Amino acid sequence: MKISVRSQSMQASPIRKLVPFANEAKKRGTKVYHLNIGQPDIETPRVFMDAVKEADFDVLAYADSNGWEPLRESIARYYQRIGLPYETGDVIITNGGSEALQWALIIACDPGEEVLVPEPFYTNYRGFAAPYLAEIKPITTYPENGFALPGREVIESLITDKTRAFMLSNPGNPAGVVYSAQEVRMLADIARDRNLYIIADEVYREFCYDGKTATSFGSMTDILDRVIMIDSVSKRFSACGARIGSLTSKNRDVMTAALKLGQARLCAPTLEMIGSKALYDLDPDYFAPIRANYEERRNILIEALQDMDGVLCEKPGGAFYAIAKLPVDNAEDFAIWLLTDFELDGGTVMLAPVENFYQTPGMGVDEVRVAYVLNKEDLQEAMRILKAALAVYPGRKV
Ligand SMILES: Cc1ncc(COP(=O)(O)O)c(C=O)c1O
């Protein structure tokens, strides 16, 4: 049977495609330190499980297609607490931020139309774009200047009559970049002047370090009708398995389209929406110790990486990822070799090759993304293993 061209054009996730090698290593008894995936080890707040346990239904029925109203209200209150003017009617609950991103692309683009995305970008954006045939056009950013956006002229030169939206995560995955207020304003101005949407993926909003904060596109009140805000409980509350996200917009046409997409897939899961409401009702103080914890891990990671011979790594300002340029020919080959051919004192590390986080061919070939989602001790051990591995890797560049 024929497999559609659009399905064939999907990439295997670079975050997950090395899993069979990791499983084999585990079968051999090797401990694998997972630095490849953004699965935090932070405990999910107990209130989630408590709320789920307290729920009691004779029939676990479908929920409304736009989500359980008390959760939508809690998300609106959360936005208002952080100064964003969203209300319950602006919020629709999705199956993770992932579904919200897919809907945003469907709503903003017809097949063949384009979204401008700063690269390197969250690699699953390719997976979301491919089946809907939106084209990702990269705005290339470079480690040498902290992955900052280029100037307005460069960005405007990439706009064609097919361009419909910007799509970006801030703070960013995979480089951990936090865009400045000026950069956010610049994109808002371009979007206004060139009639574009902004798909604002702010799932890491609370994770900014060194006293920085991320400027939200939701605070750009003059362009709110263009902003499609994406959020999720996955990273914010370390509840990745809940699969609860949201799409939020002041634009009624966008919300009408989103609701139709919501109706087509019926609803988000009821128990997880109940648990997620308890998360969004948490005191905002919840984030301070978590942020401090990630900041400390980031410092350990960056110090260790910068200490490795031939490794280049800029200190990221947010999220929980860093990109490291390695002294190897090909980072994917190295990541596989780590799982198939190397261990130190019974352990090895799993990394995500960064090549497929870029749209431009040939970029990121010698780079990996490292997620600092392990506790301090494990992170230190993982760095000790990586350093030893790089020293003996046969494909090492001198
Ligand atoms: C930038 C970014 N956006 C969205 C997502 C998807 O999150 P969810 O688990 O809510 O689908 C991720 C997950 O890693 C991410 O890094």
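What you see is a predicted model; the values in this text were computed from it and never measured.

### Focus: the overall build of the protein
No. 1: Along the protein, the regular secondary structure elements total 14 helices and twelve strands.
No. 2: Dimensions along the principal axes, computed over C-alpha positions, put the protein at roughly 60 × 55 × 55 Å.
No. 3: Relative to its 398 residues, the protein shows a buried fraction of 56%.
No. 4: For the protein, long-range pairs separated by at least 24 residues make up 77% of all intrachain contacts whose partners lie at least 6 apart in sequence.
No. 5: When the accessible surface of the protein is summed, it comes to about 16,700 Å², and 51% of that surface belongs to carbon and sulfur atoms.

### Remarks on the domain arrangement of the protein
No. 1: We note that the domain assignment places domain 1 (5-43 + 288-392) and domain 2 (46-285) within the protein.
No. 2: For domain 1 versus domain 2, the distance between C-alpha centres works out to 25 Å.
No. 3: On the side of domain 2, 36 residues touch domain 1, which itself brings 36 residues to the contact.
No. 4: Across the domain 1 to domain 2 interface the summed buried area is about 3,100 Å²; carbon plus sulfur atoms make up 55%.
No. 5: Ionic pairing is found between Asp-210 and Arg-298, a salt bridge with its closest N-O pair at 2.8 Å.
No. 6: If you look at where domain 1 meets domain 2, you find 22 residue pairs in polar contact (both at pLDDT 80 or more).
No. 7: Secondary structure elements with two or more residues in the side of domain 1 that touches domain 2: helix 12 (287-306) and strand 9 (321-325).

### Quick notes on the side chain of Thr-248
No. 1: Among the secondary structure elements, Thr-248 is positioned in strand 8 (residues 244-248).
No. 2: Overall, the relative accessible area of 0% leaves Thr-248 in the buried class.
No. 3: Once residues within four sequence positions are removed from consideration, Thr-248 is found in contact with Tyr-79, Tyr-86, Asp-90, Val-91, Val-227, Ile-228 and Met-229.

### Structural notes on the packing of helix 2 (residues 19-27) against helix 13 (residues 331-340)
No. 1: Close contact between helix 2 and helix 13 brings their axes to 8 Å; oriented N to C, the two are set at 20°. The pairing of helix 2 with helix 13 is recorded here as roughly parallel in orientation. Considering only the axes of helix 2 and helix 13, their crossing is left-handed. Across the interface between the two elements, Phe-21, Ala-22 and Ala-25 of helix 2 pack against Ile-336, Leu-339 and Thr-340 of helix 13.
No. 2: Residues belonging to the contact of helix 2 with helix 13 are distributed by class as follows: five nonpolar, one polar and no charged.

### Remarks on the site of the ligand
No. 1: As a structural note, the neighbourhood of the ligand is formed by 14 residues, with Gly-97, Ser-98, Asp-201, Tyr-204 and Ser-232 the closest of them.
No. 2: Here an oxygen atom of the ligand and a side-chain polar atom of Tyr-204 are 2.6 Å apart.
No. 3: Here an oxygen atom of the ligand and a side-chain polar atom of Ser-234 are 2.7 Å apart.
No. 4: Of all the secondary structure elements, the ones that give two or more residues to the shell around the ligand are helix 5 (96-108) and helix 9 (233-236).
No. 5: Element by element, the count of residues in the shell around the ligand is highest for helix 5, at four residues.
No. 6: Residues belonging to the shell around the ligand are distributed by class as follows: four nonpolar, seven polar and three charged.

### Quick look at the environment of Gly-89
No. 1: As for its placement among the helices and strands, Gly-89 is situated in the loop between helix 4 (69-81) and strand 2 (91-95).
No. 2: With a relative accessible area of 41%, Gly-89 lands in the partly exposed category.
No. 3: A sequence separation of 221 residues divides Gly-89 from Gly-310, and the C-alpha atoms of the two residues are 52 Å apart.
No. 4: Beyond its immediate sequence surroundings of up to four residues, Gly-89 is in contact with Arg-72, Arg-252 and Met-255.

### A word on the nonpolar core
One broad trend across soluble globular proteins is that nonpolar side chains are buried collectively.
No. 1: Counting 126 residues, the largest nonpolar core has Phe-166, Leu-247, Leu-305, Phe-334 and Leu-386 as the members making the most contacts within it.
No. 2: Each of domain 1 (5-43 + 288-392) and domain 2 (46-285) gives at least three residues to this core.
No. 3: Once residues within four sequence positions are removed from consideration, Leu-386 is found in contact with Leu-305, Met-308, Phe-334, Leu-338, Val-349 and Leu-351.
No. 4: By size, the runner-up hydrophobic cluster in this structure holds eight residues, among which are Ala-22, Ala-335, Leu-339 and Met-350.

Rules used in this analysis
Residues numbered from 1 in each chain as written. Predicted model: local features only at pLDDT ≥ 70, side-chain atom pairs only at ≥ 80, totals over all residues. Heavy atoms only, no water. Helix = DSSP H or I, 4+ residues; strand = E, 2+ residues; numbered from the N terminus. Buried < 20%, exposed > 50% of the residue type's maximum accessible area, 1.4 Å probe, protein only. Contact = heavy atoms within 4.5 Å. Areas by Shrake-Rupley, 256 points an atom, 1.4 Å probe, with all protein chains shown as cover. Domains from an automatic or database assignment. Buried area = accessible area lost by both parts, 1.4 Å probe. Salt bridge = Lys/Arg side-chain N within 4 Å of Asp/Glu carboxyl O. Polar contact = N/O pair within 3.5 Å; in protein donor to acceptor, adjacent residues only side chain to side chain. Axes fitted to C-alpha atoms, helices over the stretch in contact; angles between N-to-C directions. Parallel < 35°, antiparallel > 145°, perpendicular 65-115°, else oblique. Left-handed = near helix turned anticlockwise from the far one by under 90°. Nonpolar A, V, L, I, M, F, W, Y, C, P; charged D, E, K, R; others polar. Near = heavy atom within 4 Å. Core = buried A, V, L, I, M, F, W, Y, C linked by side-chain atoms within 4.5 Å.

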